[in-house]
Amino acid sequence: MAARNLCGVLLFALFLYGLNASSVESSVNQELSNIFNELWDLDVNRMTPGIDYNISVQNRAGFVSQGSTVARDQAPQPLFSNVNEDKMKRTTTFFLLMKLLDNYERSSSVFEQYTPEETTEISLFLDAVLETQVMKRTHQYLVSKGKSSSDLTTFKNQLNWIWFHLYNRQRNTSPDSCGFEHIFVGETRTESEIAGFHNWVQFYLQEKSSHLDYKGFKAGQQDSPDSDDHVLNLQFSWHGALKPVGSAFIGTSPEFEMAVFTILFLMNTERSTKVVVDIDQCQLELLVVRHGNSIGSAFPKLLSSNSRHVRQPAH
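Residues numbered from 1 in each chain as written. Predicted model: local features only at pLDDT ≥ 70, side-chain atom pairs only at ≥ 80, totals over all residues. Heavy atoms only, no water.

- The name that an unreviewed UniProt entry assigns to the protein chain is Uridylate-specific endoribonuclease, with the source organism given as Oryzias javanicus.
- Under the Sequence similarities (unreviewed entry) heading, UniProt states for the protein chain: "Belongs to the ENDOU family."
- UniProt's Subunit (unreviewed entry) comment on the protein chain is quoted here verbatim: "Monomer." (UniProt positions renumbered as here; feature names shortened; annotations may be inferred.)

## Remarks on the overall build of the protein chain
At step 1: When you go through the protein chain residue by residue, the secondary structure sums to ten helices and ten strands.
At step 2: For the protein chain, with 315 residues in total, the buried portion stands at 54%.
At step 3: Long-range contacts, defined here as pairs at least 24 residues apart, represent 67% of the contacts in the protein chain between residues at least 6 apart.
At step 4: Carbon and sulfur atoms make up 48% of the accessible area of the protein chain, which amounts to about 14300 Å² in all. (Helix = DSSP H or I, 4+ residues; strand = E, 2+ residues; numbered from the N terminus. Buried < 20%, exposed > 50% of the residue type's maximum accessible area, 1.4 Å probe, protein only. Contact = heavy atoms within 4.5 Å. Areas by Shrake-Rupley, 256 points an atom, 1.4 Å probe, with all protein chains shown as cover.)

## Some points on the packing of helix α5 (residues 116-130) against helix α7 (residues 152-164)
At step 1: The geometry of α5 relative to α7 is characterised by a closest axis approach of 11 Å and an angle of 120 degrees between their N-to-C directions. Considering their axes alone, α5 and α7 lie oblique with respect to each other. The element α5 and its partner α7 pack so that their crossing is right-handed. Residues Ile 122, Ser 123, Phe 125, Leu 126, Asp 127 and Leu 130 of α5 lie in contact with α7, whose contacting residues are Leu 152, Phe 155, Lys 156, Leu 159, Asn 160 and Phe 164.
At step 2: Partitioning the contact of α5 with α7 into residue classes produces eight nonpolar, two polar and two charged. (Axes fitted to C-alpha atoms, helices over the stretch in contact; angles between N-to-C directions. Parallel < 35°, antiparallel > 145°, perpendicular 65-115°, else oblique. Left-handed = near helix turned anticlockwise from the far one by under 90°. Nonpolar A, V, L, I, M, F, W, Y, C, P; charged D, E, K, R; others polar.)

## Concerning the pattern of salt bridges
At step 1: All told, the structure shown has ten salt bridges when counted by the stated rule.
At step 2: Two residues, Lys 156 and Asp 127, come together in a salt bridge whose shortest N-O distance is 2.8 Å. Placement of Lys 156 in helix α7 and of Asp 127 in helix α5 is noted, with a sequence separation of 29 residues between them. (Salt bridge = Lys/Arg side-chain N within 4 Å of Asp/Glu carboxyl O.)

## Details of the sheet that holds strand β5 (residues 212-217)
At step 1: Here three strands make up an open sheet; going across it, the order is β5-β6-β7 and the pairing antiparallel. Since the sheet does not close on itself, it has two edges, and those belong to β5 and β7 (241-249), each with one partner. Averaged over all neighbouring strand pairs, the angle between strand axes comes to 35 degrees, with direction disregarded.
At step 2: Summarising the sheet, β5 and strand β6 (residues 231-238) pair through five bridges and their orientation is antiparallel. Its bridge partner lying in β6, Gly 216 is registered against Gln 235.
At step 3: Sitting on the sheet, helix α9 (residues 200-208) touches β5, β6 and β7, and the angle it makes with β5 is about 120 degrees. (Pairing = 2+ DSSP bridges.)

## Considerations on helix α2 (residues 30-42)
At step 1: Helix length check: α2 (13 residues) gives 18 Å between terminal C-alpha atoms against 18 Å at 1.5 Å per residue, within 8%.
At step 2: Those residues of α2 not exposed but buried are Leu 32, Ser 33, Ile 35, Phe 36, Leu 39 and Trp 40.
At step 3: In this structure, the buried residues of α2 make contact with α6 (133-144), α10 (254-266), β8 (272-279) and β9 (282-291). (Expected span 1.5 Å × (residues − 1).)

## Looking at the sheet that holds β8
At step 1: Read across the sheet, three strands follow the order β8-β9-β10 without closing on themselves; strand pairing throughout is antiparallel. With one partner strand each, in any of the chains shown, β8 and β10 (294-304) form the two edges of the open sheet. Shown here is a sheet whose adjacent strand axes are inclined to one another by a mean of 20 degrees, direction ignored.
At step 2: With eight bridges connecting them, β8 and β9 associate as antiparallel partners.

## Focus on α10
At step 1: Its 13 residues give α10 an end-to-end C-alpha distance of 18 Å, which sits within 8% of 18 Å, the value for a rise of 1.5 Å per residue.
At step 2: When you tally the buried positions in α10, you get 13 out of 13 residues, the bulk of the element.

## A look at unusual backbone geometry
At step 1: Non-glycine residue Gln 58 carries a positive phi angle of around 60 degrees.
At step 2: Topologically, Gln 58 is positioned in the loop between β1 (53-55) and β2 (80-83).

## Quick word on the side chain of Glu 121
At step 1: Relative to the helices and strands, Glu 121 is located in helix α5.
At step 2: Nearest to the buried, unbridged Glu 121 among oppositely charged side chains is Lys 99, at 4.4 Å. (Lys, Arg positive; Asp, Glu negative; His and termini not counted.)

Below, the structure written as structure tokens:
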């Protein structure tokens, strides 16, 4: 328990440090920026802000200490004011993603085991993801780097292990988590602490069901997000637990998120990998934490948007 809590505290401290640090120049990984921008352009299933969904970022959230369940609500309205659910249900990967979201126990200490039906749902979801141009290009890139087999079935099994293999997050326990659950669904470590939960579809659905309350955005003092930003740093409560600082892609397809973090996971072997990349008009910091041969955690953090990170020539 102590080791797991220490890991959570360290991740939280790392996130806060990066969010509140004064302007420190980080080296942009150009190779990863290039492939991620290719995937961005191929992501035809991405939802369009102002057309397929609308968000209201409202006000800046205040500081909350880790473990607290109390936060001043700086966002009286929901984050999502509208989402085109019909389009989501017509888009295969979104539709199959939503079917996976109820397959897990919220508490990270509860034993997890897939039923035959849930195993089939995972297989169908991966099949749909592999049919997208985003994941086809990802597969091609990973094969060229010697990180994946050219055989499609072998690559599917690799994705399955990275994202859906069940493992224990603390020693001497039965399997209670996986990368997909942690990142796309979210978990609670205690009654007060949210772990993971970095997917916008789950955020929207939980907010719609009144299980989640958006408290406001998190950003540096000289920056603030826009309603068309595709990454947000935010604060929210969920089933009575609180996430002081969280983050998520907004509007992106599940295949894009899986592709980005799969590449980052396979291209590095460190316990924790952090890179800075430029995607579209945004500069992001991406973090992936390993759990053996599976993903333990992964999330984006918005550094700047609308090309604000691009220096303007002096006049």
